[in-house]
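Coordinates in review
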Amino acid sequence: MNSINGEYKRREELDNNIDELVVILLYLVKKCFSFIILVFFISCGSQTTKNEILNVGKELTTNDLSKTDSTENIVFIGKGLKGKINELKKQNSKFKLEVKNGDLNYPFGDSKAENVLVLNNGTEKINVRLKYNPNKKKFDILGYTSE
């Protein structure tokens, strides 16, 4: 009888251990799934921002800037930047657009820009420092450099 009780206790302990393992595995699967969802949403958000910034670039390179100081995606475009873009358009009206995260290095940047939009016409580049303005749902231009 003792051997039957001993066998029963061992099986009961084994069942308890299996139950604990299943709970641990389910917890790990839940955490992994949550992590995958989080990474997915973060990557989608940064792609949206990149597309919005590329739209800023399209507006700067295709719109007639002499007729406006703002656009659908830009709060204000200063005279200096307008003049520089028009100068580059006269050289070559086709631009390659590139988005960089962060700001330009000191002394051109002060870590306030979230992104830099590079407008490249093949001859010269303009680096436009941008920060999203959530109140206006547009981008503020913090400054620019040319090279």
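Refer to the preceding data block for the structure.
Residues numbered from 1 in each chain as written. Predicted model: local features only at pLDDT ≥ 70, side-chain atom pairs only at ≥ 80, totals over all residues. Heavy atoms only, no water.

**Looking at the overall build of the protein**
The helix and strand inventory of the protein stands at two helices and four strands. Secondary structure elements in the protein, listed N-terminal to C-terminal, are α-α-β-β-β-β. Out of the 147 residues belonging to the protein, those deemed buried represent 29%. Residue pairs at least 24 apart in sequence account for 41% of intrachain contacts in the protein once pairs closer than 6 positions are excluded. (Helix = DSSP H or I, 4+ residues; strand = E, 2+ residues; numbered from the N terminus. Buried < 20%, exposed > 50% of the residue type's maximum accessible area, 1.4 Å probe, protein only. Contact = heavy atoms within 4.5 Å.)

**Digging into helix α2 (residues 79–91)**
At 3.6 residues per turn, the α-helix brings residues three or four places apart onto the same side. Counted at 1.5 Å a residue, the expected span for α2 with its 13 residues is 18 Å, and the 19 Å between its end C-alpha atoms agrees. Looking at α2, one finds that the buried residues are Leu81, Lys82, Lys84, Ile85, Leu88 and Lys89. Buried residues in α2, looked at end-on, bunch into an arc of 165 degrees, giving them a common side. Turned more than 90 degrees from where α2 packs its buried face, Lys79 and Lys90 sit exposed. (Expected span 1.5 Å × (residues − 1). Arc of directions from axis to C-beta.)

**Details of the sheet that holds strand β2 (residues 115–120)**
Reading across the sheet, the four strands line up as β1-β2-β3-β4 and stay open at both edges, with antiparallel pairing between neighbours. Only two strands of the sheet have a single neighbouring strand rather than two, namely β1 (96–101) and β4 (138–146). On average, each strand axis in the sheet is inclined to that of its neighbour by 25 degrees, with strand direction left out of account. In the sheet, β1 pairs with β2 via six bridges, with the strands oriented antiparallel. Its bridge partner being in β2, Glu98 is matched across the sheet by Val118. (Pairing = 2+ DSSP bridges. Axes fitted to C-alpha atoms, helices over the stretch in contact; angles between N-to-C directions.)

**So, the packing of aromatic side chains**
Within this structure, the stated rule accounts for one aromatic pair. Judged by centre distance (5.2 Å) and plane angle (70 degrees), the ring pair of Tyr132 and Phe139 falls under edge-to-face. Relative accessible area serves as the criterion here: at 31%, Tyr132 is assigned to the partly exposed category. (Phe/Tyr/Trp six-rings, centres within 6.5 Å; stacked < 30°, edge-to-face > 60°.)

**A closer look at the environment of Ser111**
By the element assignment, Ser111 lies in the loop between β1 and β2. Considered as a pair, Ser111 and Arg129 are 18 residues apart in the sequence and their alpha carbons are 9.9 Å apart.

**Details of the nonpolar core**
Counting residues in each nonpolar core, the largest one holds 18 residues, and the members touching the most others are Leu60, Leu117, Leu119 and Val128. Here the element with the most residues in this core is helix α1 (residues 2–62); it accounts for four residues. In this structure Leu60 touches Leu65, Ile74, Ile77, Ile85, Lys89, Leu117, Leu119 and Val128, once residues within four positions along its chain are discounted. (Core = buried A, V, L, I, M, F, W, Y, C linked by side-chain atoms within 4.5 Å.)

**Notes on the environment of Lys58**
Position of Lys58 among the secondary structure elements: in helix α1. Along the chain, Lys58 and Leu119 lie 61 residues apart, while their C-alpha atoms are 9.5 Å from each other.

**With respect to a negative patch on the surface**
A cluster of like negative charges, contributed by Glu12, Glu13, Asp15, Asp19 and Glu20, occupies part of the molecular surface. Mapped onto the elements of the fold, Asp19 is located in helix α1. Its relative accessible area of 47% is what places Asp19 among the partly exposed residues. (Patch = residues over 30% accessible without salt bridge, like charges linked within 9 Å, V, L, I, M, F, W, Y side chains within 5 Å. Areas by Shrake-Rupley, 256 points an atom, 1.4 Å probe, with all protein chains shown as cover. Salt bridge = Lys/Arg side-chain N within 4 Å of Asp/Glu carboxyl O. Lys, Arg positive; Asp, Glu negative; His and termini not counted. Charge placed at Lys NZ, Arg CZ, Asp CG, Glu CD.)

**Quick notes on unusual backbone geometry**
Cis geometry is adopted by the peptide bond preceding Pro107, which originates at Tyr106 and carries an omega value of 15 degrees. With respect to the helices, strands and loops of the structure, Pro107 is situated in the loop between β1 and β2. In this model, Ser111 sits at a positive phi of 70 degrees, which is unusual for a non-glycine residue.

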